[in-house]
Structure formats: C-alpha cells, structure tokens
Amino acid sequence: MVSCVKAVGVSVLVLVVLGVVVGSITWAVLASQGPAPPELKPLDWWEHTIIYQIYPRSFKDSDGDGIGDIRGIIMELEHLADIGVGAIWMSPVFVSPMVDFGYDISDFYNIHSEYGTMQDFESLVQKAHELGIKVLLDYVPNHASTESNYFKKSEARETGYENYFVWADPIIDPNNASNRLVPSNWISQFGGTVWEWNEARQQYYLHQFAIEQADFNFREKAVRDEMINIMRYWFNKGVDGYRLDAIPHLFEADPNDHGGVYPDEPLSGNMFLNPNQPGYTTQVYVRDRIELYDVVYEWRDFADNFKKDNGTETKILLAEAYANITMTMLYYGNEKDRHGAHFPFNFDFITSLSAQSNARDFVYVIQRWLTYMPAGRVANWVFGNHDQNRMPSRFRHNMVDGLNSLNMMLPGVAITYQGEEIGMRDGYVSWEDTVDVNACNQGNPDNYLDYSRDPARTPYQWDNTTNAGFSSSSKTWLPVAQDYVEINLQAQREAERSHYKVYKTMSNLRKEPTLSHGNYYAKALSEHTFVLVRHLITYDTFALVFNVGNELDIIDLSTVDFLTEPLTVHTSSIHSNRLPGDRVPRVNITLGAGEAIVLRAPPT
C-alpha cells in the first residue's frame with residue numbers, strides 16, 4: 001500500500017509540475033505576443049474623409065471667359081484624387097443674378113449659364129464618383145433672389161405664396177403720418193436695415209443679407225415643403241450631401257410673441273461700430289432662434305429616409321453655424337431622440353486663433369470642441385473658406401505646413417479650402433476691381449479691404465503661365481494674385497520639397513488606423529510649441545510637434561505620454577532642416593519659428 005501511495009503521490013507531483021511548466025510557457029507566449037489589436041469599427045464614407053471646398057468662379061476656366069466653370073472642375077478632378085480628397089463641396093452653381101455670386105439664387109433647380117449646363121453637372125458627378133470622390137452642393141435655404149419666381153409670386157400675393165417671405169407693414173411715424181418707418185431696428189449682415197420697401201405689395205420685406213436676397217418665411221409650411229423638394233431633386237441627380245448655408249438666420253422673432261410687432265433689439269454698446277453695421281445691436285431677435293433646430297432635424301430625417309428608401313450611401317448635411325459652443329453643438333442633435341446635421345462646421349481655428357495665438361491657445365481650442373461635442377459624433381476642422389482671409393494670411397506664411405498637418409492629424413473630418421494645399425495667400429484686389437457686395441455696401445476706397453472677401457477668392461494658381469493657368473482670357477473676373485509665379489501647383493509638384501508634397505504625405509498618412517481610429521493627446525510644451533499625439537494600441541504612434549511662435553524654441557518630449565523611442569521624422573515643414581527618416585531625441589529639440597515635424601514612434 002505504501003508503495004502504491006508513494007507512486008500516486010509522485011504522479012500527482014509530476015502532473016502539478018508539468019501544469020506549472022505548461023502554464024508558464026503559455027503565459028510566456030502570450031506575453032511575447034503583447035496585447036491583441038483592437039477591433040476597428042468600419043467607418044462610413046464621410047467620417048474620416050477630406051472635404052475640399054471649391055469656389056467654382058475661381059477654380060478653373062474651361063472656355064476662356066475669365067470665369068471658372070463646371071467643366072474646369074472636371075478637368076482638375078485628378079488633382080483632387082491625387083491629394084486624397086474624398087469629397088468636394090462646391091459653392092452655389094445654381095441660376096443667379098450674381099449679386100452675391102451665387103448665394104442669391106433665382107432658380108434652385110437649374111445650373112447657372114456661366115458655369116455650364118445640367119449635362120455638365122451630371123458629367124461632373126459621374127467623373128467624380130468614378131474617382132471615388134463624393135459631390136456636395138452648397139444649399140442656400142435662408143433666402144432667394146428677388147428675381148426668383150417665388151418672390152414675384154409672393155409680391156403679387158398669388159395664392160399659396162402670400163407668406164413665402166417675411167413681409168411687414170410700415171410703422172407710422174407719430175410725428176408725421178405720411179412718413180413710414182421700418183418695422184424694427186434690425187441690421188443686415190451686409191450693413192443697413194434688414195427691411196426693404198416693396199412698392200408693388202406696399203409692405204417691407206426682410207433681407208438678412210443683400211437687398212436682393214429676400215428671406216424665406218420658415219413658419220410657412222409651404223416653404224419648408226419646397227426646401228425638401230429641392231433637396232430631393234439634387235439627391236436624385238446623384239448629389240451626396242449639402243453644406244447648409246446661413247442656417248442661424250432661418251428664423252427671426254415672431255411678432256405674435258411681441259404684441260404683434262417686430263421688437264427692436266437692444267444696442268450692443270460696441271463704440272467702434274456705426275448704427276448701420278452688424279453688431280451695433282445684439283442680434284438676439286435675428287439669429288440662433290431655437291426653432292431652427294427643428295428644421296435641421298427634419299432635414300436629417302429626410303436625408304436618412306432617402307438613403308433607406310433608395311438604397312444609397314449616406315447623404316450628409318453640414319451646417320454653417322457661427323454661434324456659441326452650446327448652440328453650435330445643438331446642430332448635431334438634441335442628445336435624446338433627434339439627429340441633426342452630421343456635423344456643424346467647426347470655425348474655431350478661424351474665429352478663435354490668429355498669428356498672435358500661442359501653443360496653449362491651440363491646445364485649448366482643440367480640446368474645447370472635443371469636450372463639448374456629444375458622444376458618438378464626428379469632429380471636423382476648418383482652417384479657411386471663401387468668406388475669410390486665407391489661412392497663411394491670417395496666421396503666418398511659415399505656418400502653412402504645420403497647419404495643414406494639424407488638420408490632417410486631428411480626429412474626424414479635415415476640410416480644405418481650395419489653394420490651402422499649396423499655401424495660397426490672399427490676393428490683392430483694388431477698389432476698382434472689387435466686386436464683393438459686402439465691401440461695396442460697407443466700404444469705400446480707404447477701408448473696403450476690412451469688409452471684402454475678394455482677396456480669398458482670387459483664382460487658383462495652377463502654374464506660372466498667363467493668369468496662373470486659370471484662364472486663357474485677357475481678363476479674369478477677379479485678378480490673379482501677384483505671387484502666382486512663385487506659388488503655384490506645377491512648381492510645387494516639381495520642387496524637391498513643397499507645401500503640396502507635405503499635404504499629400506499627410507493625406508496618405510490618414511489611411512493609418514492610428515489616425516482613423518486612434519485616440520488623441522494634446523499638450524502645450526511651452527508658450528510657443530505644442531504636441532498632438534495620435535495613438536492606438538499595437539499600431540505605430542504619430543506626433544505633430546509644432547512651434548506656432550515667431551522665435552526659436554527648445555522643447556522636451558520626455559514628459560509626453562504615449563511616445564517611446566526611437567522617434568523618426570515622417571515629414572516636416574519645408575523650411576525645417578529635418579528630413580524624413582531622421583532620428584529625433586526626446587530632449588533638447590530645437591524648433592525654428594513656425595517649424596513643424598511629424599514623428600513616428602513604436603506602438604506603446
């Protein structure tokens with residue numbers, strides 16, 4: 001018995017020992033393999049794309065009349081595919097008297113003759129889709145041209161159109177019964193009163209922009225139904241979504257809530273403005289009214305149902321909304337049972353940052369949007385557009401590559417205004433050549449550039465030939481910027497280092513799972529330099545180190561989370577001495593003014 005017991009004991013001991021050994025080997029193998037890669041959630045086509053804004057009049061002229069057109073866009077779609085663009089957004093191409101260059105639409109269902117034909121537009125959609133590029137239209141629901149049939153029918157009080165626009169009776173002057181006064185003190189975005197007298201109807205109509213841009217009445221069901229009809233029409237043409245223009249202005253105060261009158265706004269107290277300039281009053285009754293969100297939510301329901309009913313890919317809605325952060329986030333939805341725009345444009349890099357901003361300002365602006373954004377939504381980043389001074393002109397010329405790299409590395413959608421990929425700057429437009437209604441209304445030969453949007457709209461600079469390769473005409477609708485000989489796409493394609501090549505490198509980098517699915521970490525390393533790290537377990541880490549100051553800076557990366565050595569340069573700004581593949585230490589890194597480097601590090 002004893003021997004049997006001893007034998008059993010030995011066997012048990014052997015088994016136990018073997019189990020420990022096997023277990024140790026198993027854990028050793030698992031440890032050597034490291035953590036498992038994360039499951040990468042499939043992204044919808046728009047969630048991590050690059051959207052490229054085209055201002056059609058200034059992109060490419062195909063027929064020599066000095067005005068950009070749709071066929072010109074078709075000619076250059078390969079350039080957009082080359083730099084990784086996933087969608088184009090075109091400023092309006094609809095029929096228009098061109099008072100505000102397309103934002104005063106007289107026919108929402110047809111193409112303006114200067115831009116081409118419906119067949120041209122259909123060809124554009126087809127060619128873009130063949131190249132994997134979606135097509136977004138600029139949708140202008142707030143107003144219509146006074147030359148539109150809508151306005152003419154409303155002016156004549158035709159049945160069904162009587163209240164299509166915001167009409168109001170004059171106020172009788174208590175001191176002179178024969179003198180009429182405007183219904184309220186509201187000020188147009190282009191200066192002067194929002195009210196314009198209409199002789200035929202014997203009433204005032206409201207225009208938040210130019211006199212020729214009459215505001216629709218969104219409290220009228222027929223108007224809201226027609227807006228859906230317009231959207232449906234272009235969706236059926238193959239359009240992939242809309243940028244929703246001037247959305248904060250859809251509603252004004254309801255006179256029924258104010259004793260039957262349009263209430264005067266309090267004065268803002270801004271002593272630097274005169275009584276005819278926007279901002280002289282508080283604008284509490286003319287923008288960001290809570291009713292507008294219900295309209296946006298209705299449009300989202302329509303877009304989602306169109307996709308479902310027609311078996312299409314997602315149709316997206318992007319809201320132009322200059323508002324405070326809380327009101328802006330409401331465009332995403334109400335965080336309960338309603339979805340809104342796929343995203344409201346994030347203008348913080350335009351409205352909150354400038355050449356005077358420091359590294360802490362940049363980090364704050366980045367984190368502010370991502371902190372306020374509702375859970376599960378998609379961020380976006382805008383560095384310029386047709387209404388603002390160009391990116392290098394608002395910041396500094398040596399910051400172009402850092403700003404473009406930042407745009408490409410931030411989570412979500414990157415939005416590029418035409419020419420940013422080659423660092424185009426504001427062009428000079430003289431008073432005699434100025435055509436922007438905003439400048440013409442509020443400016444004079446001495447101050448018009450304070451109001452003009454023309455400098456950001458000068459033609460795209462394709463090469464160093466006549467008119468920068470934009471047009472064969474002897475005169476273009478706006479003059480070409482004088483620096484086109486040095487700054488143009490052809491020269492940057494041929495150069496060893498250029499803004500174009502940095503942009504293309506960064507757009508390719510967006511294909512990395514770290515950038516499409518990874519987390520972010522942003523930190524100011526000094527007053528002048530900040531770091532943005534994108535990291536994802538088991539994948540390489542990438543970091544942008546950017547000196548936004550105007551002097552040399554020495555920084556230390558040893559305190560930055562998620563960065564392990566070796567650190568190698570992936571790309572750098574064109575004036576940097578660092579080249580791709582160079583090793584960079586964690587400490588005592590010297591960066592010149594405006595210098596940016598993108599680093600690759602091993603997985604953490």
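The coordinates are above.
Caption draft 1: Structural context of the sheet that holds strand 25 (residues 596–601). Reading across from one edge, 18-19-20-25-22-23 is the order of the 6 strands in this open sheet, with antiparallel pairing throughout. Either end of the sheet is taken by a strand with one partner, and the two such strands are strand 18 (519–524) and strand 23 (583–584). One ladder, built from 6 bridges, connects strand 20 (residues 541–547) with strand 25; its direction is antiparallel. Its bridge partner being in strand 25, Thr541 is matched across the sheet by Ala601. Set on the sheet, helix 12 (residues 400–409) makes contact with strand 19 (529–535), strand 20 and strand 25; between it and strand 20 the angle comes to about 150°. Against the sheet, helix 15 (residues 499–509) contacts strand 20, strand 22 (567–572) and strand 25, and its axis sits at roughly 125° relative to strand 22.

Caption draft 2: Structural context of the pairing of strand 9 (residues 176–181). Examined bridge by bridge, strand 8 (residues 171–173) and strand 9 share 3 bridges and lie antiparallel to one another. In the sheet register, Ile172 faces strand 9, and the bridge partner there is Arg180. Hairpin connection of strand 8 to strand 9: 2 residues between the antiparallel strands.

Caption draft 3: The arrangement of the sheet that holds strand 7 (residues 167–168) in detail. Strand order in the open sheet formed by 3 strands is 7-11-10, and the pairing between neighbours is antiparallel. Across the chains shown, the open sheet's two edge strands, defined by having one partner strand only, are strand 7 and strand 10 (195–198). Of the strand pairs in this sheet, strand 7 and strand 11 (residues 203–206) are connected by 2 bridges, and their pairing is antiparallel. Opposite Ala168, over in strand 11, you have Tyr204 as the bridge partner.

Caption draft 4: Representation of the pattern of salt bridges within the structure. Within this structure, the stated rule accounts for 26 salt bridges. In this structure, the salt-bridge partner of Glu114 is Arg57, at a minimum N-O distance of 2.9 Å. One end of the pair, Glu114, is in the loop between strand 4 (107–111) and helix 4 (118–130); the other, Arg57, is in the loop between strand 1 (50–54) and helix 2 (70–75), with 57 residues separating them in the sequence. Relative accessible area serves as the criterion here: at 5%, Arg57 is assigned to the buried category. The shortest N-O distance in the salt bridge between Arg224 and Glu298 comes to 2.5 Å.

Caption draft 5: Region of interest: the packing of helix 6 (residues 221–236) against helix 7 (residues 291–310). Contact geometry for helix 6 and helix 7: axes closest at 11 Å, N-to-C directions at 35°. Between helix 6 and helix 7 the crossing geometry is right-handed. Counted together, Arg224, Met227, Ile228, Met231, Arg232, Phe235 and Asn236 of helix 6 and Val295, Glu298, Trp299, Phe302, Ala303 and Phe306 of helix 7 form the full contact between these two elements. Residue classes in the contact of helix 6 with helix 7 are distributed as 9 nonpolar, 1 polar and 3 charged.

About the cut-offs
- Residues numbered from 1 in each chain as written.
- Predicted model: local features only at pLDDT ≥ 70, side-chain atom pairs only at ≥ 80, totals over all residues.
- Heavy atoms only, no water.
- Pairing = 2+ DSSP bridges.
- Helix = DSSP H or I, 4+ residues; strand = E, 2+ residues; numbered from the N terminus.
- Contact = heavy atoms within 4.5 Å.
- Axes fitted to C-alpha atoms, helices over the stretch in contact; angles between N-to-C directions.
- Salt bridge = Lys/Arg side-chain N within 4 Å of Asp/Glu carboxyl O.
- Buried < 20%, exposed > 50% of the residue type's maximum accessible area, 1.4 Å probe, protein only.
- Left-handed = near helix turned anticlockwise from the far one by under 90°.
- Nonpolar A, V, L, I, M, F, W, Y, C, P; charged D, E, K, R; others polar.

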